[in-house]
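Chains, contacts and geometry: an overview
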Amino acid sequence: MLASQRQGLIVDLVRRSGAVRVADLVERFGVSDMTIRRDLETLAERGLLVKVHGGAVAPGSSADEPGFAVKSAVRPAEKDAIAERAAALVEPGMAVALSAGTTTRALAGRLVSVPELTVVTNSLRVAEAFHADGRPDQTVVLTGGVRTPSDALVGPVAVAAIRSLNVDLLLLGVHGMSVRAGFTTPNLLEAETDRALVASARRTAVLADHTKWEVVGLCTIAALGEADLLVTDAALEEPAREALRAEVGELIVV
């Protein structure tokens, strides 16, 4: 197993259980104590966990919001696969909204060649992608607002702009999802802005890799049943798939 693969699994374990012990990781992966400690040091430097005596813990509470660079380093292959499939939902001439997030940023890179597309976004990263590589026949509407650590624009200015618009499809990135809490984010203002995006859209497609399952942020954006589609990756376990199929309009696994 490559170090990057092992580290990705360690991050998954921390997110699911809240904490891991060095001794347990040594036994699980069949590597040395020193190798695991180096892995934890690397992940701690990237902000993906916090080292403690004998192990590591998750980097905070449901109100913590990692920055864009930190989130970009988590599960890039899964996000790319999800983005590739989600791009097939977008047709020339559509009006679409893209929320902020690393998966929606990956999707933006696949939509820059779609003709006559109108894009509404509250993401600086998404807007930059279209500005750098988009077509001249595309229209990009950037909402304005207050910038968050994940490079989203939120608050009353963003909400007011979104409420005046109607789009064919919303492509929504989320911090977490669960049956109890629905789709969530740790940022109060981002939740309000995302709710406005959901209300503006004829259809909503949520893009969320398997690590988002049972992660609960501070604020609910929408119930699971408000998603017409959910695109996720094949590492999502079958019980989670069954729970999601019972709630969302359509579950797409890539």
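What you see is a predicted model, and the numbers here were worked out from it, not measured in a lab. (Residues numbered from 1 in each chain as written. Predicted model: local features only at pLDDT ≥ 70, side-chain atom pairs only at ≥ 80, totals over all residues. Heavy atoms only, no water.)

Some words on the pairing of strand E6 (residues 139–142)
Rules: Pairing between strands requires that DSSP locate at least two bridges from one strand to the other. Every helix listed is a DSSP run of H or I at least four residues long, and every strand listed is a run of E at least two residues long, numbered separately from the N terminus. Orient the strands so they point away from the viewer; a crossover is then right-handed if the path from the first strand over the helix to the second runs clockwise.
Sheet topology note: the strand E5 (residues 118–121)/E6 ladder contains four bridges and is parallel. The residue of E6 that forms the bridge with Thr121 is Leu142. Regarding topology, helix H7 (residues 124–133) serves as the crossover connection from E5 to the parallel E6, and that connection is right-handed.

Things to note about the pattern of salt bridges
Note the following rule: Salt bridges are defined by distance alone: a side-chain nitrogen of Lys or Arg within 4 Å of a carboxyl oxygen of Asp or Glu. Here's how the labels work: a residue is buried when its accessible area is under 20% of the maximum for its type, exposed when over 50%, partly exposed in between, all with a 1.4 Å probe on protein chains only.
Tallied over the entire structure, the rule returns ten salt bridges. Of the charged contacts, one joins Asp33 and Arg37 as a salt bridge, the two residues approaching to 2.6 Å between their closest N and O atoms. Of this pair, Asp33 and Arg37 both sit in helix H3 (residues 33–45), four residues apart, roughly one helical turn. By relative accessible area, which is 35% here, Arg37 ends up partly exposed. In this structure, Asp168 and Arg202 form a salt bridge, with 4.0 Å as the shortest nitrogen-oxygen distance. With Asp168 in strand E9 (residues 167–173) and Arg202 in strand E12 (residues 201–207), the pair connects residues that are 34 residues apart, well separated along the chain. Overlapping salt bridges, with partners in common, bring together Arg125, Arg147 and Asp151 in one network.

Notes on empty space enclosed by the protein
Using the following cut-off: Grid points spaced at 1 Å and placed over the protein atoms alone form the basis of the search, with a cavity being a set where a 1.4 Å probe fits but cannot get out and a pocket an open set showing protein on both sides within 12 Å along at least five of seven lines. Lining residues have an atom within 4 Å of a point. Grid points are joined across faces, edges and corners, and a volume is the space filled by probe spheres set on the points. Residues were grouped as follows: Ala, Val, Leu, Ile, Met, Phe, Trp, Tyr, Cys and Pro as nonpolar; Asp, Glu, Lys and Arg as charged; and all remaining residues, including Gly, as polar.
For the structure shown, the criterion picks out one cavity of 30 Å³ or more. A volume near 30 Å³ is recorded for the largest cavity. Lining of the largest cavity is provided by Leu172, Phe183, Val198, Thr204, Val206, Ala222, Ala223, Glu226 and Ala227. Split by residue class, the lining of the largest cavity holds seven nonpolar, one polar and one charged.

Some thoughts on the environment of Arg241
Selection criterion: Any pair of residues with heavy atoms lying within 4.5 Å of one another is described as a contacting pair. Side-chain atoms alone can form a polar contact between residues adjacent in sequence; in general such a contact is a pair of N or O atoms within 3.5 Å, and within protein one must be able to donate a hydrogen while the other accepts it.
As for its placement among the helices and strands, Arg241 is situated in helix H10 (residues 238–245). With a relative accessible area of 16%, Arg241 lands in the buried category. Along the primary structure Arg241 and Leu251 are separated by ten residues, whereas in three dimensions their C-alpha atoms are 7.8 Å apart. Sequence-distant contacts of Arg241, that is, excluding residues within four places in its chain, are made with Ala234, Leu236, Leu251 and Val253. Of the polar contacts made by the side chain of Arg241, one reaches the backbone oxygen of Leu236; its length is 2.9 Å.

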